[in-house]
Structure formats: structure tokens, C-alpha cells
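# Results of the structural survey
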Amino acid sequence: MGTILLQLALFLTILTIIALALGDYMAKVFKGEKTLLSFILKPIEKLLYKLFGVDETTEMDWKAYSFSLIIFNVLGIIALFALQEVQHLLPFNPQGFGAVRWDTAINTAVSFVTNTNWQAYGGESTMSYLTQMLGLTVQNFLSAAVGMAVAVAFIRAFTSTKCPPPQPSPSRGEGVSPTIGNFWVDLTRSIVYILLPLSILYSIVFVSQGTIQNLNPYTKVHTIQGVEQIIAQGPVASQEAIKILGTNGGGFFNANSAHPYENPTAFTDYMQILGLLIISAAFPFTFGVLLNKRKQGWAIFSAMMILYLLGLSVALWSEFHGNPILSKLGIQHGLNMEGKEVRFGILNSVLFGQSTTVTSCGAVNAMHDSFTPLAGMIFMFNMMIGEVIFGGVGSGLVGMILYAILTMFLVGLMIGRTPEIFGKKLEPFEMIMAVIALILPSIIQLIFGAIASSHNIGLSSLNNAGPHGLSEILYAFASGAGNNGSAFAGLNANTPFYNLTIAFAMLVGRFATLIPSLAIAGSLIKKRFVPDEAKFPTASPLFVVMLITVVIIVGALTFFPALVLGPIIEHLMMVVNAAGGTF
């Protein structure tokens, strides 16, 4: 136990130090200030603006920002769908893969554009090298950058210290709404200054450790027994880096980060777990710097970290406590290694699973279907609450601030005054938008989960009956609506029903969060700053405790009945059956 605690303490210390430094760096990037990499990257940024006709001095109100975001993502979905349908006509397809089935192509296009990266297919048996590189890897960068851009625009609503005057419209000569930034500038800076440099560094590390990066045809070998085996090849390292750093999660191989070509050593496993978290963990500190209140960044980071550690503690306890049924069979301590990556052991399997489900990544180094019921429930709950425990790059901070808005509304009700947060008053419009963003994805996943678990169109895809089968269904829709992308792996989701319903859940999970958030930003940026002495201290331990409590209570009230019918009953059945009883 002491060794485990020491490993975790060292990991979390390194994570915090990196997040602090990266948070400061990102704040400089989004303020347009000079950084250590500016002498290399600034000319690239300027060139991109020139190529695409972007005027970096022009800003947008929230409606224009949202419109740009929507158009950009719609075009991305169309382009990625089309690429899958014509991949058999294009080069870099040494295995001669044909066009992807229409419903799978729709699901995949929506999945990678929404930063979900849910994969209902096996990558090495479905997608050509060109589709993997030009389609999936490119969208890994773009979808991550979209989340980061929205987070920065959202932050600007709170960093404005006074009500900005209406800006004259050049076309009509009349006032327009105050601006929250330029979508194309925020998008470009996210990629050029943050995602690209980190991905290059990570790719080099991965290649040095044995992750493959080639365009070779698949290799045919013969085993010692004389059986022919085909070993997949491909440009893996470049996709692996942004898959992790952008909280994307889509693997080049079907086994994802359990595959030795994606995750060859203990060091790459450590780097992947760290990479899952660093940008998302840095965003609270970026927020604190931009708000000019570092304590506020620490408060949000602390709430995220405490929630992360609470879930991790339960999952580790459950896995190391073991399965009592296995203990009766004589397996030492009842530890279940089925589905785990034996190279990394239980600790790193659980740490990876917790990190990937709190960050909307979806990468896995072990099969979540094989974890104990309570560990699986924790992973599921991480996604159900909206991926706010660090969350996706940018989108996680946005989600946590939405919970903070709800928290301050409850505080206002308790003390009998108008709610305020980070210096801005909260009114009905902000509350309505926050509730839509937090509740609508939950409604969608519960409705689709109910349909799938009560109709043969959904039940026919199950490999397991009973509570575990329900957990597989709940997990699939929680993963889609939470824009996570991981799976329990016991559900055949590559059917028209699951492909289309999960695609819809992914769209709702992404845009029902981002668009209301931009609407809130557009509303708050018009409001004057409230002096510190007039507001509830949002950088205090009390605020952190209240924020954590609201996140847990909202999640519990929404999903407790479903979780009882799935993983909780499964856990009780395991305990009772091990004791010789019947459930």
C-alpha cells in the first residue's frame, strides 16, 4: 500500500507542476503575448491567417462565434464522411480496404468531429492509412482546438471588468453586441502554439520507445506453431500523440492503448496517463491567470482533483479488494486480471481508466468491461456528470464553471441575494442556459438507454444479460453523450441503431454544452464587474466543498436509479453469490 501511495503522490505532484507551468504558457498564448516559441511559431500563425483570409484584429459576438463553430464542424463531418466513402479509390491503402458502411461512416465522422472518438469498428481492419492520417488525425487536432477556443471565449466573459460599449457596425452604422474573441484566431493559436508542439514532442518519445510510424503493408509472419499471422502496420505514433493530448482517444488499433504498437513500454503508459490530463488540468490555472486571480484557478483545480481522487480511491479499493467468487476458486486475493494489461498491473490499469473517463478521452489500456462492478460504475459516473473532472481540453473547464454557476445560484437562494460569480451577476438567462447544458445530455443518454434496454433492436447486440448487460448499454450512451468514446467492449455497437443513436447523443453532448456556454459568455460580457466585497468568496475552501457537493448530488439524483439497476445490483449479486446465497 505504501508503494502505491508513493507512486500516486509522485504522479500527482508531477502533474500539478506541469499543469501550473502549462497554464501560464497558455494564458500568454491566448492573450497574444510573446512566448519562448513565438520566434518559430508566430510566422506560421501569420501565414495561416493570410492563407485563410483571417483578420486577427476582428472580433465576434457570441452569435457569430457560435455560427463559425457550427459551420466549421458541419464541414468537418461532411469531409470525414466523404473520405471514408471513397477511401478505396485513394492512395495509401495497402490492404485495399473498401468504402466504410454508411451508418458506421456517419457515426465515425460525428465521433471524431465532436472530440468523442467512439469507434464501433476495428481501425486496423477498416480504415486506410490516408483516412487515419488525413481524416482522423487531423480531426483530433481540430476537435480539441474547438473545445479550447470555446473555453477561452467563455473565460473572456469573466475577465471583462466593465461593461464594454457597443461597437459600431461598419455595414449599418449601429451598435452590436460586445465581442468575446475571434473563433479562427483562438482555434489557430490552440493548434499552433499548444497542440502541435506537444504532439511533436510526444511522437518523438513514443517512436523512441517502440511505437511504430510507417506506411508499410501489413506483415505476414509464421508463429512457432506454423500458423500464419498478419501484423498490422501504419503511421501510429503521430496519431497516438494527439489522441492522448487532445483527449480524443481514438486508437489506430482496435485494442487501443493495450496494443504494444500503441503503448509499448511502462514509460509510454506513464506518459499517456500524464498526457491525458496535462492540458485539461492546466486550464484552471490559465483561467486564474487571465482572471488575474490565481487563487480562483487553484480553487477550480482543487475541486477537480478532489473529485478525481474520490473516484480513483473507490475504483482502486474495489479492484484490490478483488472478486470474492474468485477467492473461493483459490485465486490469490480474488484479484481479477482478465481484461487487464498484465504488463502494467492493476494500479496502472485503474489509473488509466480513471484518467481517461474523467478527461473525455476514451483511450484504454485495459478493457473496462472486465473491471469490478464498482470500478465500472465510477468510470461510468465520470462520464455521466458531463466530463467535468478535468474533462476534455477546454470543454472540461467550461463544464465545471457551469456547475459553479449552478452552485452560486443555490448560494444566492440560501442567503437571499442576487447570485454572482467571478464578478458577474447571474440572472435567469444564464441559469436557463446552464441547466440546458448540464441536463440535456443526461436526458438523451437515459432516453436512448431505456429504448435500447427494452427493445430487441438494442438487446440483440448484448453479449451479457442481466445487470451487466444494462451497464454495457448505459456505458455506451454515457460515453457518447459525454464525448468520451471508451466502451465496455461487451456490446456490439456497430449496428444502424447504435451507430445513429450514439451519433445523435454525441452531437447533443457536444453542442448542447458549447453553444449555451457561448450564449452565457455573450450575456455576461455585457455586465459590469461586481466588487470583491459584494460577492461570495469563490476562491475559498467552502466554495470548493459546495461545488464538489453540487456535482455529486446532481449526478446522483439524475443517474442513481439507473446505476442501482446496473453496477450496484451486479456488485451485490457478486457478494451474495460468493457467500453461498442467492440474489
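Further remarks concern the overall build of the protein chain. If you tally the helices and strands in the protein chain, you get 18 helices and six strands. Over its C-alpha trace the protein chain gives a radius of gyration of 24 Å, about what one expects of a compact globule, namely 25 Å for 583 residues. Overall size of the protein chain, expressed as C-alpha extent along the three principal axes, is 80 × 60 × 50 Å. Here the protein chain holds 583 residues, and the buried ones make up 59% of them. Sequence-distant contacts in the protein chain: of pairs separated by 6 or more residues, those separated by 24 or more amount to 78%. Total accessible area on the protein chain stands at roughly 22700 Å², and carbon and sulfur atoms take up 69% of it. Side-chain charges in the protein chain split into 28 positive and 28 negative, and the spacing between the mean points of these groups amounts to 11 Å.

Direction vectors running N to C along helix 12 (residues 373-384) and helix 18 (residues 541-578) enclose 160 degrees, while the axes themselves pass 10 Å from each other. Judged by the inter-axis angle, helix 12 sits roughly antiparallel to helix 18. The crossing of helix 12 and helix 18 is right-handed. Residue-level inspection shows Pro373, Leu374, Met377, Met380, Phe381 and Met384 of helix 12 in contact with helix 18, the latter providing Ile552, Gly555, Ala556, Phe559, Leu563, Pro567, Ile568, Glu570, His571 and Met574. Of the residues belonging to the contact of helix 12 with helix 18, the class tally is 13 nonpolar, two polar and one charged.

The residue Lys425 is located in strand 6 (residues 424-425) in this model. Once the C-alpha coordinates of Lys425 and Phe543 are considered, the two residues, 118 residues apart in sequence, prove to be 17 Å apart. With sequence-adjacent residues up to four places away left out, Lys425 is seen in contact with Thr418, Pro419, Glu420, Glu430, Leu524, Lys527 and Val530. Polar contacts involving the side chain of Lys425 include one to the side chain of Glu420, which spans 3.4 Å.

This part takes up the pattern of salt bridges. Following the criterion strictly, the structure yields 14 salt bridges and no others. The closest approach of N and O atoms between Glu262 and Lys243, which form a salt bridge, is 2.6 Å. Residue Glu262 is located in the loop between helix 7 (236-245) and helix 8 (266-290), and its partner Lys243 is located in helix 7; the two are separated by 19 residues in the primary sequence. Each member of the pair, Glu262 as well as Lys243, carries the same accessibility label: buried. Here Glu319 makes a salt bridge to Lys340, at a shortest N to O gap of 3.2 Å. With Glu319 in helix 9 (residues 294-321) and Lys340 in the loop between helix 10 (324-328) and helix 11 (345-358), this residue pair connects regions lying 21 residues apart in the sequence. Accessibility assignment for this pair places Glu319 and Lys340 in one class, buried. Connected via shared salt-bridge partners are Lys42, Glu45, Lys46, Glu56 and Arg189.

By the element assignment, Gln239 lies in helix 7. Among the polar contacts listed, one links the side chain of Gln239 to the side chain of Gln132, at a separation of 3.5 Å. Those residues in contact with Gln239 that sit more than four places away from it in its chain are Gln132, Thr137, Asn140, Gly250, Gly251 and Phe252.

Here Asn256 shows up in the loop between helix 7 and helix 8. Considering only alpha carbons, one finds Asn256 and Ser486, 230 residues apart in sequence, at a separation of 9.8 Å. Contacts of Asn256, omitting those with residues within four sequence positions, involve Gln119, Lys243, Gly249, Gly250, Gly251, Glu262, Ala363 and Val364. A polar side-chain atom of Asn256 sits 2.9 Å from the main-chain carbonyl oxygen of Gly249.

Core analysis: the largest hydrophobic core is formed by 142 residues, its most contacted members being Met26, Ile194, Ile279, Tyr308, Phe390 and Tyr403. A total of 15 residues in this core trace back to one element, the largest contributor, which is helix 5 (residues 129-159). Those residues in contact with Met26, other than ones at most four positions away along the chain, are Met148, Ile194, Ile279, Ala282, Phe283 and Thr286. Within the second largest apolar cluster, 31 residues are counted, among which are Val100, Ala105, Phe477 and Ala481.

Here Asp55 lies in the loop between helix 2 (38-52) and helix 3 (62-85). In this structure the C-alpha to C-alpha distance between Asp55 and Val185, which are 130 residues apart in sequence, comes to 8.5 Å. Within polar-contact distance, the side chain of Asp55 engages the side chain of Thr57 at 2.7 Å.

So, about the packing of aromatic side chains. Scanning the entire structure with this criterion turns up 27 aromatic pairs. For the pair Phe183 and Trp184, a centre-to-centre distance of 4.9 Å together with 75 degrees between the ring planes defines the contact as edge-to-face. Three or more aromatic residues joined by ring pairs form one cluster here, namely Phe97, Tyr129, Tyr218, Phe252, Phe253 and Tyr261. Geometry around Phe371 places Lys340 over its ring, the cationic atom sitting 4.7 Å from the centre.

Now for the confidence of the model for the protein chain. A residue-level look at the protein chain finds 96% of positions with pLDDT of 70 or above and a mean pLDDT of 91. Low pLDDT, under 50, characterises residues 162-167; the predicted model gives this stretch 16 contacts beyond four residues in sequence or across chains. Counted against residues more than four places away or in other chains, residues 169-175, with its pLDDT under 50, gives six contacts.

The pairing of strand 3 (residues 219-222) with strand 4 (residues 228-231) spans four bridges and is antiparallel. Bridge assignment links Val221 to a residue of strand 4, and that residue is Gln229. Taking the residues between adjacent antiparallel strands as the criterion, strand 3 and strand 4 are bridged by five residues, where Gly226 takes a positive phi near 85 degrees.

In this section: helix 13 (residues 395-415). With 21 residues, helix 13 should cover 30 Å at 1.5 Å per step; its first-to-last C-alpha distance of 30 Å lies within 8% of that length. Summarising burial for helix 13: 16 of the 21 residues are buried, a large majority. Residue Gly416 follows helix 13 closely and has a positive phi angle near 70 degrees.

Here is what the cut-offs are and how they apply
- Residues numbered from 1 in each chain as written.
- Predicted model: local features only at pLDDT ≥ 70, side-chain atom pairs only at ≥ 80, totals over all residues.
- Heavy atoms only, no water.
- Helix = DSSP H or I, 4+ residues; strand = E, 2+ residues; numbered from the N terminus.
- Rg over C-alpha atoms; globule rule 2.2 N^0.38 Å.
- Buried < 20%, exposed > 50% of the residue type's maximum accessible area, 1.4 Å probe, protein only.
- Contact = heavy atoms within 4.5 Å.
- Areas by Shrake-Rupley, 256 points an atom, 1.4 Å probe, with all protein chains shown as cover.
- Lys, Arg positive; Asp, Glu negative; His and termini not counted.
- Charge placed at Lys NZ, Arg CZ, Asp CG, Glu CD.
- Axes fitted to C-alpha atoms, helices over the stretch in contact; angles between N-to-C directions.
- Parallel < 35°, antiparallel > 145°, perpendicular 65-115°, else oblique.
- Left-handed = near helix turned anticlockwise from the far one by under 90°.
- Nonpolar A, V, L, I, M, F, W, Y, C, P; charged D, E, K, R; others polar.
- Polar contact = N/O pair within 3.5 Å; in protein donor to acceptor, adjacent residues only side chain to side chain.
- Salt bridge = Lys/Arg side-chain N within 4 Å of Asp/Glu carboxyl O.
- Core = buried A, V, L, I, M, F, W, Y, C linked by side-chain atoms within 4.5 Å.
- Phe/Tyr/Trp six-rings, centres within 6.5 Å; stacked < 30°, edge-to-face > 60°.
- Lys NZ or Arg CZ within 6 Å of the ring centre and 35° of its normal.
- pLDDT = per-residue confidence, 0-100.
- Pairing = 2+ DSSP bridges.
- Expected span 1.5 Å × (residues − 1).

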